[in-house]
Amino acid sequence: MPKIFAAHKSRTLDRDELEYVSHLRRVLLTASEAAGRPQVLLESSKRLSTAALLATDPALDVRVLHLIRDPRGVAYSWTKEVKRPEAGPDEVMPIYRPERTAMRWVTDNLGFRTLAALGIPTMTLRYEDFLAEPTETIEHIAAFAGLSLGDNRLDFLDGNRATLRTPMHSIAGNPLRFGGDELTLRLDDAWKTKLDPTSRRIVTGITAPVLSRFGYPLRLR
């Protein structure tokens, strides 16, 4: 990552990086053509390196939506056994130790902050804030993406319920994506009672230096 970040200042990539960006660009442009050239194409791999490399390509208008969640909630999520319906009846999501998740939380989120410091348009959004005001948040995201929402563009939202009316093309990811056309938007804060105290202290200790940067408290009431 330091090497990729440095490329934003020097405006030079090595041969392998140039080849990788070229392949990514072709995939994105082909997807755009297949979708009828929409105003915005969502690249949802969530990888910091992918965002950083794509932003070096002058042919692309890259804008980063940086979604973040309380690290203790993230750590608890990765300790659960969750089935992957798209992969088979016996397949489950990966499980990670809380300390590993906490360290990745720090490095990844500070990395996305670095993208903003390099001048890459970046909007940081907390998971908790989105669920508190989904409609208003989507309006802010659309404005950030350069989209003008006309009348009834958000009529798929009714309070905390979303009705998905377009085909879903994901082949992997959170099982919630494969649960049908009706989705209830609710804050998942089970970690407050179900994450064991030792893991909570470990995650809090590792992430403490940067928790306040993202508006999260050190101690929970």
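Look a little higher up for the structure.
Residues numbered from 1 in each chain as written. Predicted model: local features only at pLDDT ≥ 70, side-chain atom pairs only at ≥ 80, totals over all residues. Heavy atoms only, no water.

Description of the pattern of salt bridges
Just so we agree on the cut-off: Basic side-chain nitrogens of Lys or Arg form a salt bridge, by our definition, when they fall within 4 Å of a carboxyl oxygen of Asp or Glu. Burial classes: relative accessible area under 20% of the type maximum marks a residue as buried, over 50% as exposed, and values in between as partly exposed (1.4 Å probe, protein chains only).
For the structure on display, the rule yields 10 salt bridges. Its salt-bridge partner being Arg 63, residue Asp 61 comes within 2.9 Å of it at the nearest N-O pair. One salt bridge connects Arg 126 with Asp 129, and the closest N-O pair in it is separated by 3.0 Å. Taking the relative accessible area as the measure of exposure, Arg 126 reaches 21% and is therefore partly exposed. On the basis of relative accessibility, which here comes to 36%, the residue Asp 129 falls in the partly exposed class.

Details of the environment of Lys 192
Using the following cut-off: Secondary structure elements are defined from DSSP: runs of H or I of at least 4 residues count as helices, runs of E of at least 2 residues count as strands, and each element is numbered from the N terminus.
With respect to the element layout, Lys 192 can be found in helix H8 (residues 191-194). Of the residues examined, Lys 192 reaches a relative accessible area of 42% and is grouped as partly exposed. C-alpha of Lys 192 to C-alpha of Arg 72: the two residues are 120 residues apart in sequence and 8.1 Å apart in space.

A look at helix H2 (residues 15-34)
What counts, and what does not: One less than the residue count of a helix, multiplied by 1.5 Å, gives the span that helix is expected to have. This arc is taken over the directions from the axis of the helix to the C-beta atoms. Every residue pair with non-hydrogen atoms within 4.5 Å of one another is taken to be in contact. Definition of a polar contact: a pair of N or O atoms within 3.5 Å, with one able to donate and the other able to accept a hydrogen when the atoms are protein atoms, and with sequence-neighbouring residues admitted only if both atoms are side-chain atoms.
Its 20 residues place the ends of H2 29 Å apart at the C-alpha level, agreeing with the 28 Å of an ideal helix rising 1.5 Å per residue. Glu 17, Val 21, Leu 24, Leu 28 and Ser 32 are the residues of H2 that are buried. Along the axis of H2, the buried residues cluster in a sector spanning 75°; they form a single face. Seen from the buried face of H2, the exposed residues on the opposite side, beyond 90 degrees, are Arg 15, Asp 16, Arg 26, Val 27, Thr 30 and Ala 34. Buried residues along H2 sit in contact with helix H1 (2-10) and helix H3 (48-54). Two or three places before Asp 16, at the opening of H2, Asp 14 has a side-chain oxygen 3.2 Å from that residue's backbone nitrogen.

Thoughts on unusual backbone geometry
With a phi angle near 55°, Arg 37 is a residue other than glycine that sits in the positive phi range. Mapped onto the fold, Arg 37 is located in the loop between H2 and H3. Arg 37 sits in the exposed class, given a relative accessible area of 60%.

Section: the nonpolar core
Formally: Only buried Ala, Val, Leu, Ile, Met, Phe, Trp, Tyr and Cys residues count toward a nonpolar core, and they belong to the same one when joined by side-chain atoms within 4.5 Å.
Of all hydrophobic cores here, the largest spans 17 residues; its most connected members are Val 64, Phe 112 and Leu 115. Contributing elements (two or more residues each) for this core: H1, H2, H3 and helix H5 (98-117). With five residues, H3 is the largest single contributor of residues to this core. Residues within four places of Leu 115 in sequence aside, it is in contact with Phe 5, Leu 48, Ala 51, Ala 52, Val 64, Ile 120 and Thr 122. Judged by nonpolar contacts, the second largest core, of eight residues, contains Val 74, Val 106, Leu 211 and Phe 214.

Observations regarding the side chain of His 66
Among the structural elements, His 66 can be located in strand E1 (residues 64-68). On the basis of relative accessible area, His 66 is assigned to the buried category, the value being 2%. Every residue in contact with His 66, bar those within four places of it in the chain, is listed here: Asn 109, Phe 112, Thr 122, Met 123, Thr 124, Leu 125 and Phe 214.

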